[in-house]
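Here's the letter readout for the chains.
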Amino acid sequence: MAREQVTVVVAEMVANVLTVAVAPGDTVAAGDAVVLLESMKMEIPVLVDVPGTVRAVKVAPGDVVQEGDPLVEVVG
């Protein structure tokens, strides 16, 4: 049986979560924006590197995230 590969998309900086573009069960392609962050008045889309299915969303709009915090888990 093939083992599921889990990819955790993490925050690359301290930021506020503006929007979450995915929900558990959604299918994503490599390069899709899954979360929109705001830091120092700039909007930063967070992209997923691999195709798959969203297993979990770890943040919500209004959350403050630190560098390295998990945002979304994708199974592919």
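Basis of the calculations
- Residues numbered from 1 in each chain as written.
- Predicted model: local features only at pLDDT ≥ 70, side-chain atom pairs only at ≥ 80, totals over all residues.
- Heavy atoms only, no water.
- Patch = residues over 30% accessible without salt bridge, like charges linked within 9 Å, V, L, I, M, F, W, Y side chains within 5 Å.
- Areas by Shrake-Rupley, 256 points an atom, 1.4 Å probe, with all protein chains shown as cover.
- Salt bridge = Lys/Arg side-chain N within 4 Å of Asp/Glu carboxyl O.
- Helix = DSSP H or I, 4+ residues; strand = E, 2+ residues; numbered from the N terminus.
- Core = buried A, V, L, I, M, F, W, Y, C linked by side-chain atoms within 4.5 Å.
- Buried < 20%, exposed > 50% of the residue type's maximum accessible area, 1.4 Å probe, protein only.
- Contact = heavy atoms within 4.5 Å.

(A) Representation of a nonpolar patch on the surface within the structure. A cluster of nonpolar side chains, Val-6, Val-8 and Val-10, forms an exposed patch at the surface whose accessible area comes to about 190 Å². You can see Val-10 is positioned in strand β1 (residues 6–10).

(B) Summary view of the nonpolar core. Within the largest apolar cluster, 18 residues are counted, with the highest numbers of intra-cluster contacts made by Val-28, Val-34, Val-35, Leu-37, Val-65, Leu-71 and Val-72. Elements with a contribution of two residues or more to this core: β2 (15–20), β4 (33–39), β5 (42–47) and β8 (70–75). What Val-35 contacts, discounting residues up to four positions off in sequence, is Val-17, Thr-19, Ile-44, Pro-45, Val-46, Val-59, Leu-71 and Val-72.

(C) Structural context of unusual backbone geometry. Its identity as a non-glycine residue notwithstanding, Met-40 has a phi of 55°, on the positive side. Positionally, Met-40 belongs in the loop between β4 and β5. Judged by relative accessible area, which is 75%, Met-40 ranks as exposed. Phi is positive for Lys-41, which is not a glycine, with a value near 70°. Structurally, Lys-41 is set in the loop between β4 and β5.

(D) Main features of the pattern of salt bridges. Applying the stated rule across the entire model yields 2 salt bridges. Across the salt bridge formed by Arg-55 and Glu-73, the nearest N and O atoms sit 3.0 Å from each other. Residue Arg-55 is located in strand β6 (residues 52–57), and its partner Glu-73 is located in strand β8; the two are separated by 18 residues in the primary sequence. Residue Glu-73 is classed as buried on the basis of its relative accessible area of 13%. Where Lys-58 meets Glu-73, a salt bridge forms, and the shortest distance between an N and an O atom there is 3.6 Å. Residue Lys-58 is located in the loop between β6 and β7 (64–65), and its partner Glu-73 is located in strand β8; the two are separated by 15 residues in the primary sequence.

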